[in-house]
Amino acid sequence: MNFKLYVYSIILFLVSFQIHAQEDSISVNKETYVKGNGTTLLLAVPHIGIETTVGKKFSYQFDVMASFWNSIDGLPYKFGIATSELRYHFKKRFQGIYAGAHVAGTTFKIAKNFRVRDFEYQQGLGYMVGSTIGFQKKLKGKWMIDVFIGGGWHQGFYKGYHIDTGERLEGATKYNKSGEWLPYRGGVMLAYKIN
């Protein structure tokens, strides 16, 4: 699937969601969960979010993830991602399989290739457009578990630097550009219902 078709599909999904959500909003019990990703926490990369009801079979999640690692083997691995995602629940909201479409903004200071050890890093910002598939199960009380994986297109705008000298490495006058398909979301989130 080419990038434009992918973006148009997500826009169509969001527009149809808005129409459907307006029809459903009268008869829906609202639920809201705060969440934390246990998988990324094991890597000391916090990933927290909030998910709330927006329709009979729809929910909306906003989450942020950040790495504060100034150095991994002498190279930086710092990034921040803020994601806005609309989710469709196939059977029951917050129970079972769901699919989501999202957009995200990123900022990063990261070495792309740790194996080469060329002491280069890239610093910049970007955006992501993608999708998620997941499974949610309510636990005892107000607790829920959310297992998910996702990815999509990341478009980055960055400048490359040498780690020791700080001098610019590529010949681009402003920002270099790089776009690629990536798996960039996933884990196991533990959620607590706040209403």
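Brief notes about the overall build of the protein
Right, so step 1: Looking only at helices and strands, the protein has two helices and eight strands in total.
Right, so step 2: Element order for the protein, N to C, with α for helix and β for strand: α-β-α-β-β-β-β-β-β-β.
Right, so step 3: Looking at the protein as a whole, 39% of its 195 residues are labelled buried.
Right, so step 4: A sequence separation of at least 24 residues applies to 62% of the contacts in the protein between residues at least 6 apart.
Right, so step 5: Accessible area for the protein stands at about 11000 Å²; split by element, carbon and sulfur atoms hold 64% of it.

So, the side chain of serine 67
Right, so step 1: With respect to the helices and strands, the residue serine 67 is situated in strand S3 (residues 58-72).
Right, so step 2: Not counting the four nearest positions on each side in its chain, serine 67 is found in contact with Val45, Tyr77, Lys78 and Phe79.

What to know about the packing of aromatic side chains
Right, so step 1: Going through the model one piece at a time under the given rule, you end up with eight aromatic pairs.
Right, so step 2: Each residue in the set Phe58, Tyr88 and Phe90 is aromatic and connected to the rest through ring pairs, giving one cluster.
Right, so step 3: Cation over ring: lysine 159 sits above tyrosine 175, and NZ or CZ is 4.9 Å from the ring centre.

A closer look at the confidence of the model for the protein
Right, so step 1: Within the protein, residue pLDDT values average 87, and 83% of them lie at 70 or more.
Right, so step 2: Helix H1 (residues 3-24) is the least confidently modelled element of the protein, averaging 55 in pLDDT, while strand S1 (residues 32-37) averages 98, the highest of any element.

Digging into the layout of surface pockets
Right, so step 1: Its boundaries defined by the atoms lining it, the largest pocket holds a volume of some 750 Å³.
Right, so step 2: Taken together, 27 residues line the largest pocket, and the ones lying closest to its centre are Tyr77, Phe79, Ile81, Ile110 and Tyr184.
Right, so step 3: For the lining of the largest pocket, the element with the most residues is strand S8 (residues 176-193), which contributes six residues.
Right, so step 4: Taken together, the residues that form the lining of the largest pocket break down as 16 nonpolar, nine polar and two charged.

Focus on empty space enclosed by the protein
Right, so step 1: Enumeration over the complete set of coordinates arrives at one cavity of 30 Å³ or more.
Right, so step 2: Lining the largest cavity, in full, are His47, Asp63, Met65, Ile81, Thr83, Met128, Tyr184 and Arg185.
Right, so step 3: Within the residue set of the lining of the largest cavity, elements represented by two or more residues are S3, strand S4 (75-89) and S8.

Conventions we followed
Residues numbered from 1 in each chain as written. Predicted model: local features only at pLDDT ≥ 70, side-chain atom pairs only at ≥ 80, totals over all residues. Heavy atoms only, no water. Helix = DSSP H or I, 4+ residues; strand = E, 2+ residues; numbered from the N terminus. Buried < 20%, exposed > 50% of the residue type's maximum accessible area, 1.4 Å probe, protein only. Contact = heavy atoms within 4.5 Å. Areas by Shrake-Rupley, 256 points an atom, 1.4 Å probe, with all protein chains shown as cover. Phe/Tyr/Trp six-rings, centres within 6.5 Å; stacked < 30°, edge-to-face > 60°. Lys NZ or Arg CZ within 6 Å of the ring centre and 35° of its normal. pLDDT = per-residue confidence, 0-100. 1 Å grid on protein atoms, 1.4 Å probe; cavity = no way out; pocket = protein on both sides within 12 Å on 5 of 7 lines; lining within 4 Å. Points joined across faces, edges and corners; volume = space filled by probe spheres on them. Nonpolar A, V, L, I, M, F, W, Y, C, P; charged D, E, K, R; others polar.

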